[in-house]
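# Remarks on the overall topology
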Amino acid sequence: MELKKIQNYIGGKLLPPISNNYLNNFNPAIGEVYSEIPDSSIEDVHLAIVEAQKVKDEWANLALEKRFLILNTIAEKIEERREELALAESIDNGKPISLAMAVDIPRAASNFRFFATAIMHFASESHEMAGDAINYTLRKPIGIVGCISPWNLPLYLFTWKIAPALAAGNCVIAKPSEVTPMTAYLLSEICIEAGLPQGVLNIVHGLGSTVGEAMVRHPQIKAISFTGGTNTGARIASIAAPMFKKLSLELGGKNPNIIFADCDYEKMLNTTIRSSFANQGQICLCGSRIFVERSLYAKFKEDFVAKVKALKVGDPLVEGSNLGAVVSEAHMQKVLSYNNLAKEEGGTILCGGERVQLEGRCENGWFISPTVIEGLSYDCRTNQEEIFGPVVTIMPFDTEEEVLKYANSVKYGLASTLWTADLNRAHRMAEQIEAGIVWVNCWLHRDLRTPFGGTKASGVGREGGWEALRFFTEPKNVCIQYQ
Ligand SMILES: NC(=O)C1=CN([C@@H]2O[C@H](COP(=O)(O)OP(=O)(O)OC[C@H]3O[C@@H](n4cnc5c(N)ncnc54)[C@H](O)[C@@H]3O)[C@@H](O)[C@H]2O)C=CC1
Ligand SMILES: O=C(O)/C=C/C=C(\O)C(=O)O
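The rules we used
- Every chain is numbered independently, its residues counted from 1 as its sequence is written.
- Whichever chain is written first becomes A and whichever ligand is written first becomes 1, with later ones labelled in order.
- Only residues with pLDDT of 70 or above have their local features reported here, since the model is predicted, and side-chain atom pairs are shown and tallied only from 80 upward, although totals for entire chains, interfaces and linings are computed over all residues.
- For each residue, a C-beta position is placed from the backbone atoms; the residue is near a molecule or strand when that point lies within 6 Å of it.
- Note that Gly is not counted as nonpolar here; it falls among the polar residues with everything else outside the nonpolar set of Ala, Val, Leu, Ile, Met, Phe, Trp, Tyr, Cys and Pro and the charged set of Asp, Glu, Lys and Arg.
- What counts as a domain boundary in this text is fixed by an automatic or database domain assignment.
- Each helix is a run of DSSP H or I of at least 4 residues and each strand a run of E of at least 2, with the numbering of both proceeding from the N terminus.
- The length a helix should cover is 1.5 Å for every residue beyond the first.
- The burial criterion counts other C-beta atoms lying within 10 Å of a residue's C-beta, which is placed from the backbone; the residue is buried at 20 or more, exposed at 12 or fewer, and partly exposed between these limits.
- Contact definition: two residues whose C-beta atoms, as placed from backbone geometry, lie within 7 Å.

Once that is clear, we can look at the site of ligand 2. Residues in close proximity to ligand 2 include P150, N152, L153, L157, W160, T227, E250, I283, C284, L285, R446 and F452, which together make up its full environment. Partitioning the shell around ligand 2 into residue classes produces eight nonpolar, two polar and two charged. If you count residues domain by domain, the shell around ligand 2 takes at least three from each of domain 1 (4-251 + 458-479) and domain 2 (255-448).

Here is the structure:
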């Protein structure tokens, strides 16, 4: 059977790569190639830029209401095709279809709807100087911008970048992860149906080292919005910063989940299962280090491990599977290697820690049992490095001061979760935790207006709301002195 061939979306058309070379695209649940993706080259990136150049002024000057209507139509079409998109996402990524249906695809539609609306309300500042002069700040589209996204939340994160970039009046060259390209391809069909003018959005598929780097290096791409690994972010910054490009980098995390004995226990327990293992732990916001106040530790350990053991690792297309496959064989090997490291570092694996061999259709798929490890020190490698899989460590603590030291000991500073009924303590801790996001008595409770991103090695800049629209526009201040 001939494999489905994904195409680039350039100048409003679905095109093969200029080289006509393709890469294999795997279904992680069965461990087999099921489609092909363009192995695009620098020439395809250049073609996309030529197409974007032709229309960038027209798109930038289009009435806001017209831009709103087109982006809102894309949101509606994502919703209309949600079942097809959720199935495609599940097959491409390995995640349970129930998760794609409940979270990934609705959020992709919300991203377009949110920014379609937000741009209608985006206003610039003015500053009066004591009866002497007035300053007003213009916010112009940057021109052509680049969006590079990862494989863990494919359409969710791809649209989280593209939607504000387009809403702000830019033309976009976008590259989804080569590991999960399918829903970005379906999005190009949707954009054609929705009447997005040709060349405004161009999706170039291929490898990071070729397509991604060509985008980062191209002088006509004036800003790069990237989500992915910290090392990749550092490489992008090393190329783009000397070219004075605007950069938004949303990178890795090693997030603390801090649990005090006075918390709402049942809510905390259920949410901690989710914050540890949702999407097989492949969300940069997952809480991979769980710190529990000592008086609660034994009870938490018993209840948590029992719940984790009850999670079903299974065929992502079957209702009732709590965890699907991890995204690739290489990633599975990387995650499993941390279990060996944890043992070497003195840890005890309380449950999981192994490849799961399913029967039937998924017998060769890349599945890992959810893993809980205890007995490690806060500063060992297992507790310092991003694993990005279904693996958490649990550790007791005695005081706020002690747990803050543990929480802040990592190079990352993305997200954190606090569980306590004492709001004074929550404020105190939130103030001192080194992270861009602090959730109190909840996790991944998202309001798209809020600043989203991390500190330290978790990134530079913020996405979401006005932050994203500011990132994708260039401010110009005009100062007029009164005559
Ligand atoms: N959201 C997050 O925080 C994510 C973190 N990761 C972490 O990163 C590790 C590596 O995962 P990868 O798939 O290799 O992520 P990655 O950072 O290599 O990939 C993310 C995106 O960047 C592109 N890319 C790669 N190299 C590039 C370059 N030199 N220039 C421009 N674009 C480039 C990729 O093609 C992909 O579209 C994971 O094991 C995980 O720890 C991975 C994905 C998402
Ligand atoms: O915007 C969100 O709600 C979530 C974003 C998640 C990531 O950026 C990630 O996992 O990489």
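What follows deals with the site of ligand 1. In the vicinity of ligand 1, 27 residues are found, and the nearest of them are G208, G212, G228, G229 and C284. Looking at the shell around ligand 1, the elements with two or more residues in it are α7 (208-217), α8 (230-240) and α11 (329-344). Element by element, the count of residues in the shell around ligand 1 is highest for α7, at five residues. Both domain 1 (4-251 + 458-479) and domain 2 (255-448) contribute no fewer than three residues apiece to the shell around ligand 1.

Within an α-helix, residues lying three or four positions from one another point in the same direction, as the helix has 3.6 residues per turn. When the terminal C-alpha atoms of helix α1 (residues 42-61) are compared, their 29 Å separation across 20 residues agrees well with the 28 Å that a helix rising 1.5 Å per residue should span. Among all positions in α1, only D44, V45, A48, I49, E51, A52, K56 and W59 are buried. The inward-facing, buried residues of α1 abut β2 (8-10), β8 (144-148), β9 (171-175), β10 (201-203) and α7.

Turning our attention to the environment of V403. Tracing the chain through its elements places V403 in helix α12 (residues 400-407). Taking C-alpha positions, V403 is 9.9 Å from I259, a pair spaced 144 residues apart along the chain. Not counting residues within four places of it along the chain, the set of residues in contact with V403 comprises I258, F291 and F397.

With that out of the way, let us pick up the domain arrangement of the protein. As assigned here, the protein comprises domain 1 (4-251 + 458-479) and domain 2 (255-448). Placing the centre of domain 1 and that of domain 2 at their C-alpha centroids yields a distance of 30 Å. At the interface, 23 residues of domain 1 touch 24 residues of domain 2. Among the elements of the structure, α3 (82-93) and α4 (97-121) are those that each provide at least two residues to the side of domain 1 that touches domain 2. When residues in the side of domain 1 that touches domain 2 are grouped by element, the largest group, five residues, is from α4. When the residues that make up the side of domain 1 that touches domain 2 are grouped by side-chain class, the tally is eleven nonpolar, eleven polar and one charged.

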